[in-house]
Structures are given as C-alpha cells and as structure tokens.
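Fold and contact review
Chain by chain, the residues:
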Amino acid sequence: MSILVTGGTGYIGSHTVVELHKIGKDVVIVDNLSNSKLCVLDRIEKITGKRPAFRKVDLLDMEGVRGVFREFPEIDSVIHFAGLKAVGESVSKPLEYYHNNVTGTLMLCDSMRRHGVKTIVFSSSATVYGEKHTAPFNEEMEVGGTTNPYGTTKLYIEQILRDLCAPDSEW
C-alpha cells in the first residue's frame, strides 16, 4: 500500500513524506512544482535513504491525475497539501485560487473515487474560522466568515469533503 501526497515537494508536504518514510510507508508524490523545487526529492532521499516516487502533475490535469492512480494501483490513501496558498495573492487573483484549489480537489476526488481510494487527509487552514474566533482553534468551533479567497477555498473544500462522505460511509 502507498500514500499519495499531493504537494509533496512543498515545505509541509516534504516534511510529511520524511515522517511517512521513517515509519516505513511507501509514498508517491504528485506536485506541479509551482511552489517548490525538484531538488527536494534529493533532500528527502538524503534524510531517509529512500527516494519517493514522483510525478510532475498538476491536479487540474485530469488525465495526468488518473494516470498516477493507474500507474500506482497500490495507492490506498491520499494526503492533500497541493494548492495555491498566499492570502494576499488570493485577494488579487480570486478566480485563480478558486479554480486551482477547488477544481483541483474535485478532480483529485473524482480520480480517487474511480480507483476505489476513499481515504483522504486534507490540509485545511485556520482561516476557515474567520475573525469570530481567536487562537487556539479547535475542530468543534463554527467555521465561516472567511476574510479572503484563500480561506474560502479551504472552507469550500471542507464542505465538499463532508458532502462526499455523507452518502458513503467508506469515505
């Protein structure tokens, strides 16, 4: 069994891959390298002694994402870090953020469903809590009232994932 890590060459993604390797997990990374560099794979290998499988694929490339699941049928779960992440930029480029983050997640989930993979960990953001709460946050707090498109994309994706799980308890 393998874990697909989207955005796995980014800062949080690469640290997660290192920890997964330390506990003996096989990892496949999908990343478009828009916020990271390929040399991260060398660093992961230097730290862990194991180089993860890597495919340069954008989640907006449906055939590319489906191809990863076909190539690696042992993928049984996903940790989803991929997405545009700059709050300020999201204000000036809202359509790009909605398209990349929300549409990319929809394409990922569709590919997962087609290949029978129903386990996903989504990297959300404290921005989903808006301004009505202050740290420390917890998952029992009400979400909403986001103040920027980045945070709203994370909120929408959380709702999409809840809706995906509602009719199918295997998700």
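Everything numeric here is computed off the predicted structure, so don't read it as measured data.

1. Let's talk about the sheet that holds strand 2 (residues 26–31)
Hydrogen bonds along the backbone pair up the strands of a sheet, which may run parallel or antiparallel. Taken in spatial order, the five strands make up an open sheet running 3-2-1-4-5, and their pairing is parallel. Edge strands, defined here as strands with exactly one partner in the open sheet, are strand 3 (53–56) and strand 5 (120–122). The average angle at which neighbouring strand axes cross in this sheet is 20°, direction not considered.

2. Structural notes on helix 5 (residues 94–114)
Spanning 21 residues, helix 5 covers 30 Å between terminal C-alpha atoms, matching the ideal 30 Å at 1.5 Å per step. Looking at helix 5, one finds that the buried residues are Y97, N100, N101, V102, G104, T105, M107, L108, C109, D110, S111 and M112. In this structure, the buried side of helix 5 is in contact with strand 1 (2–6), helix 3 (62–71), strand 4 (75–80), helix 4 (87–92), strand 5 and helix 6 (149–165). One or two residues past the end of helix 5 sits G116, with phi positive at roughly 75°.

3. A closer look at the pattern of salt bridges
A full pass over the atoms with the stated rule returns 13 salt bridges. For E19, the salt bridge identified is with K22, shortest N-O distance 3.4 Å. With a gap of three residues between them, E19 and K22 both fall in helix 1 (residues 11–22), about one helical turn apart. Accessibility expressed as a relative area gives 55% for K22, which makes it exposed. Here R66 makes a salt bridge to D110, at a shortest N to O gap of 2.9 Å. Taken together, the positions of R66 in helix 3 and D110 in helix 5 put the pair 44 residues apart, joining distant regions of the chain. An identical accessibility class is assigned to R66 and D110; each is buried. If you follow the salt bridges from partner to partner, you end up with R66, D110, R113 and R114 in one network.

Quick notes on the rules
- Residues numbered from 1 in each chain as written.
- Predicted model: local features only at pLDDT ≥ 70, side-chain atom pairs only at ≥ 80, totals over all residues.
- Heavy atoms only, no water.
- Pairing = 2+ DSSP bridges.
- Helix = DSSP H or I, 4+ residues; strand = E, 2+ residues; numbered from the N terminus.
- Axes fitted to C-alpha atoms, helices over the stretch in contact; angles between N-to-C directions.
- Expected span 1.5 Å × (residues − 1).
- Buried < 20%, exposed > 50% of the residue type's maximum accessible area, 1.4 Å probe, protein only.
- Contact = heavy atoms within 4.5 Å.
- Salt bridge = Lys/Arg side-chain N within 4 Å of Asp/Glu carboxyl O.

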